[in-house]
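Observations on the model geometry
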Amino acid sequence: MAAFYSRHRLKHWCSFGFQLPKRNLTAGKFDYDLVVIGGGSGGLACSKEAAQLGQKVAVLDYVEPSVRGTKWGLGGTCVNVGCIPKKLMHQAALLGSAMKDAKKYGWQIPEPVSHDWATMAEAVQNYVRSLNWGHRVQLQDRKVKYLNMKGSLVDEHTIRCVNARGKEMTVTARNVVLATGGRPKYPTHVPGALEFGISSDDLFWLKESPGKTLVVGASYVGLECAGFLTGIGLDATVMVRSIALRGFDQQMSRLVTEYMEAYGTRFSWGCVPKKVEKLPSGLLQVTWTDTQSRQEHQETFDSVLWAVGRSPETKTLNLKQVGVKLNGDTGKVIVADDERTSVPNIYAIGDIAQSRPELTPTAIHAGRLLARRLAGDSSKLMDYDNVPTTVFTPLEYGCVGLSEEEAERRYGKDNIEVYHAFYKPLEFTVAERDASQCYIKVVCERDGGQRVLGLHFTGPNAGEVTQGFALGFQCGFTYAQLRETVGIHPTCAEELTKINITKRSGLDATVTGC
Ligand code: FAD
Ligand code: NDP
């Protein structure tokens, strides 16, 4: 109690500008209190937080070039080959649509308007490089030792580090955090897939336009990439093996793909690739099978982008030998609620950990909380429920909580109430844009306080809209509280506060009037 009181008083002093003395846990018989393997979203957040709390920390980050030989700097997937370049290229595509709208709003834009890949790519790549540099500076500022080396475990406290020139050393640590993320999968059973295809690890770093592109896979990565390629004027086809956006609400998923089809992306539904060959012209000839008719088809493309999922980077860490248990099917590290692996002083966070959402904010938040627990500063665990997310397709889709299917499965169809609305974003009106797929769905418990179980939104700025309502979710909000929330007019988000037609009623859910 006395210890708590004095620490509490110290925190109080801090608010008056006094510096809280750092608790140096000192590495003792180890080189470091904490060594983090992987300097991506989770690893950087964890190492910086731990250092801030007085721990002696090192972080190893090493980028193995892609199959095509693409390389990048510090910061992991999100910064270099994920969220950031993806969102910027999505923005490039949105600007193309905005230019079409602009004419209706009176802007005189000389025709033809064209897009230059090289200019976009260079600007995006330069921004990413600035983030790489920013991360290095932050590590230095927080006194985290950055080792541009590939790590693997020798035993539970010893890490073997190897740099690009093959120079080796070992470091020891009281605790080890594994945060090595994942890399794109290739369908190695498809001849020519590895030789001629690219992955999202390459796309954002291409100096030349990928041209006419076949995107194989219809989840987040496939749809987002095909969406922005179409948006910047390229011919893009998505090959879908089964359904799009598996795991998401399937009504919403259909709206997303319907909009994409209307917007110019082609879809080959129920098809799987058979082989990829390079023709003397340099074009790629793809042969695929329609799984329904069993018929084979062929078409030529400039590029084939594999977006068939990601594998965790666990193979070269020597985990099994040290006793860290992996899931035999996924290769991911099995972790407890506190991110601990089967070896007590080894933890895993982010994309390599089993049953965790593969998203940057969850990796960051989990990393920070873990650092606080390791430093003895807190016992708070990461809450992985109700994580909001957005798919940045041409019509963005944001959601938090359960899909309608999952709510039905868990609660029973008769025990849930689904409110829905088709709305028209104001910005679509003058621009004469079709709003058929702009839709909102709120899934609630039917009885009691009608607690909100799931919230789904397609439309402009879906990420911004969903982020706000995610707070309500954290607080366990009800349908009544949603309706009591005063809207901001005129916005798309306000439609959520007005939602009042139930699916069960069968009434027309089209929003009319202001
Ligand atoms: P990573 O960020 O992948 O970092 C792992 C790091 O460890 C890498 O730098 C890797 O090179 C390094 N490493 C691997 N092995 C070793 C080793 N042995 N030694 C040293 N270093 C090693 N999430 C979102 O929230 N929003 C988005 O919009 C979004 N868009 C995405 C778009 C794409 C195309 C992709 C592929 C992913 C996207 N994600 C998005 C997911 C997000 O990028 C990941 O969930 C996040 O980066 C995971 O963080 P992490 O710390 O687990 O691993
Ligand atoms: P997913 O594992 O989610 O999806 C893989 C897709 O590829 C599915 O459509 C799957 O089809 C298909 N597929 C798999 N194997 C084959 C094959 N052999 N032939 C044809 N199709 C195949 O992977 P993603 O790479 O899209 O995403 C990985 C993770 O990255 C996501 O879960 C997400 O968390 C994160 N991410 C987040 C983003 C965001 O927040 N906006 C954006 C991008 C990624 P099927 O359904 O039939 O199995």
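Description of the structure in this document. It should be emphasised that the depicted structure is a prediction, and the values quoted were computed from it without experimental measurement.

Criteria and thresholds
- Residue indices follow the written sequence of each chain, beginning from 1 at its first position.
- Chain labels run from A onward and ligand labels from 1 onward, assigned in the order the entries are written.
- For a predicted model such as this one, the threshold for reporting local features is a pLDDT of at least 70, and the threshold for listing and counting side-chain atom pairs is 80 or more; totals across whole chains, interfaces and linings nevertheless cover every residue.
- Excluding hydrogens and water, the side-chain values take into account all heavy atoms of the structure.
- Only heavy atoms are used to decide nearness, and a residue is near a molecule or strand if one of them lies within 4 Å of it.
- Under this definition, polar contacts are N or O atom pairs within 3.5 Å; protein pairs additionally need one hydrogen-donor-capable and one acceptor-capable atom, and for neighbouring residues in sequence, both atoms have to be side-chain atoms.
- Using the Shrake-Rupley algorithm and a 1.4 Å probe, accessible areas are obtained, with residue cover drawn only from the displayed protein chains.
- Strands are runs of DSSP state E lasting at least two residues, helices are runs of H or I lasting at least four, and both sets are numbered from the N terminus onward.
- Throughout, the ten residues Ala, Val, Leu, Ile, Met, Phe, Trp, Tyr, Cys and Pro are labelled nonpolar, Asp, Glu, Lys and Arg are labelled charged, and all others, Gly among them, are labelled polar.
- Among buried residues, those of type Ala, Val, Leu, Ile, Met, Phe, Trp, Tyr and Cys that are joined through side-chain atoms within 4.5 Å constitute a nonpolar core.
- The classification of residues rests on relative accessible area computed with a 1.4 Å probe and restricted to protein chains. Under 20% of the type maximum is buried, over 50% is exposed, and intermediate values are partly exposed.
- Here a strand pair is declared whenever DSSP counts at least two bridges between the two strands.
- Should any heavy atoms of two residues lie within 4.5 Å, those residues are counted as being in contact.
- Whenever a helix is involved, its axis is fitted only over the stretch in contact; in every case the axis is a line through C-alpha atoms, and angles between N-to-C directions fall within 0 to 180 degrees.
- Crossings are assigned a handedness: left-handed for a near helix turned anticlockwise from the far helix by less than a right angle, right-handed for a clockwise turn.
- Note on angle classes: values under 35 degrees are labelled roughly parallel, values over 145 roughly antiparallel, values of 65 to 115 roughly perpendicular, and the remainder oblique.
- When the sulfur atoms of two cysteines come within 2.5 Å, that pair is taken as a disulfide.
- Take the number of residues in a helix, subtract one, and multiply by 1.5 Å to get its expected span.
- We count a salt bridge whenever a side-chain nitrogen from Lys or Arg sits within 4 Å of a carboxyl oxygen from Asp or Glu.

A separate point is the site of ligand 1. Near ligand 1, the surroundings consist of 35 residues, among which Gly42, Asp61, Thr77, Lys86 and Asp351 are the closest. Taking Lys86, its side chain carries an N or O atom lying 2.8 Å from an oxygen atom of ligand 1. With the chains in place, 93% of the 1000 Å² that ligand 1 exposes on its own is no longer accessible. Elements represented by at least two residues in the shell around ligand 1 include exactly helix 2 (41-52), helix 3 (76-81), helix 4 (83-104), strand 4 (150-155) and helix 11 (360-374). Ranked by the residues each element gives to the shell around ligand 1, the list is headed by helix 3, at four residues. In the shell around ligand 1, the residues fall into 15 nonpolar, 14 polar and six charged.

Trp117, Leu203, Phe204, Leu223, Phe228, Leu229 and Tyr397 are the most contacted members of the largest nonpolar core, which totals 43 residues. Elements represented by at least two residues in this core include exactly helix 3, helix 4, helix 5 (117-141), helix 8 (220-231), strand 10 (236-240), helix 9 (250-263) and strand 19 (397-401).

Across the sheet, five strands lie side by side as 8-15-9-10-11; this open sheet has parallel pairing. The open sheet has two free edges, formed respectively by strand 8 (198-199) and strand 11 (266-269), since each of these has just one partner strand. Both strand 10 and strand 11 contribute to a ladder of four bridges, which runs parallel. Across the sheet, residue Val238 finds its bridge partner in strand 11, namely Phe267. Contacts from helix 8 reach strand 9 (213-216), strand 10, strand 11 and strand 15 (303-306) within the one sheet, and its direction differs from that of strand 10 by about 160 degrees.

Next up on the list: the packing of helix 4 against helix 5. Helix-helix packing is described using two parameters, namely the angle between the two axes and the distance between the axes. Closest axis-to-axis distance for the helix 4/helix 5 pair is 10 Å, and the angle between their directions is 145 degrees. In this structure, the crossing between helix 4 and helix 5 has a hand that is right-handed. Across the interface between the two elements, Ile84, Pro85, Leu88, Met89 and Ala92 of helix 4 pack against Trp117, Met120, Ala121, Val124, Tyr127, Val128 and Leu131 of helix 5. Looking at the contact of helix 4 with helix 5 residue by residue, the classes come out as 12 nonpolar, no polar and no charged.

This part takes up the packing of helix 8 against helix 9. Contact pair helix 8 / helix 9: the axes reach a minimum separation of 10 Å and the direction vectors enclose 25 degrees. With respect to each other, helix 8 and helix 9 are oriented roughly parallel. In this structure, the crossing between helix 8 and helix 9 has a hand that is left-handed. Of the residues in helix 9, those touching helix 8 at Leu223, Ala226, Gly227, Thr230 and Gly231 are Val256, Thr257, Met260 and Tyr263.

Next up on the list: the state of the cysteines. Here, disulfide denotes a covalent bond that connects the sulfur atoms of two cysteines. By the definition in use, this model includes one disulfide. One disulfide in the model links Cys78 with Cys83; its S-S distance is 2.5 Å. Judged by the sign of its S-S torsion, about -135 degrees, the cystine formed by Cys78 and Cys83 is left-handed. Note on Cys83: relative accessible area 31%, which makes it partly exposed. Unpaired in terms of disulfides, Cys46 finds its nearest cysteine sulfur in Cys161, a separation of 17 Å. Cys438 takes part in no disulfide bond, and the closest cysteine sulfur, belonging to Cys492, lies 7.0 Å away.

By way of backbone hydrogen bonds, the strands of a sheet pair with one another, either parallel or antiparallel. Spatial strand order, 18-19-22-21-20-23: six strands in an open sheet with antiparallel pairing. Both outer strands of the open sheet, strand 18 (389-391) and strand 23 (501-502), are each paired with one neighbouring strand and no more. Here five bridges tie strand 21 (residues 439-445) to strand 22 (residues 452-458), and the two strands are oriented antiparallel to one another. By the bridge assignment, Ile440 is partnered in strand 22 with Phe457. Across the sheet, helix 12 (residues 404-411) lies against strand 20 (416-422), strand 21 and strand 22, angled at about 165 degrees from strand 20, the strand it touches most.

Moving on, we come to helix 11. Helical periodicity: at 3.6 residues per turn, an α-helix aligns residues three or four positions apart in one direction. Spanning 15 residues, helix 11 covers 21 Å between terminal C-alpha atoms, matching the ideal 21 Å at 1.5 Å per step. Buried within helix 11 are the following residues: Thr360, Thr362, Ala363, Ala366, Gly367, Leu369, Leu370, Ala371, Arg373 and Leu374. Looking at the packing, one finds that the buried side of helix 11 touches strand 1 (32-37), helix 2, helix 3, helix 4, strand 6 (168-178) and strand 17 (346-348). Positive backbone phi, at 75 degrees, marks Gly376, one or two positions downstream of helix 11.

For the coordinates displayed, the defined rule picks out 26 salt bridges. Two residues, Arg183 and Asp201, come together in a salt bridge whose shortest N-O distance is 2.7 Å. Pair noted here: Arg183 is in strand 7 (residues 182-184) and Asp201 is in helix 7 (residues 200-203), with a separation of 18 residues, a long-range link. Comparing Arg183 with Asp201, the two get one shared label, buried. Put simply, Asp338 and Arg340 hold a salt bridge, and the shortest N to O gap is 3.2 Å. Residue Arg340 is classed as partly exposed on the basis of its relative accessible area of 31%.

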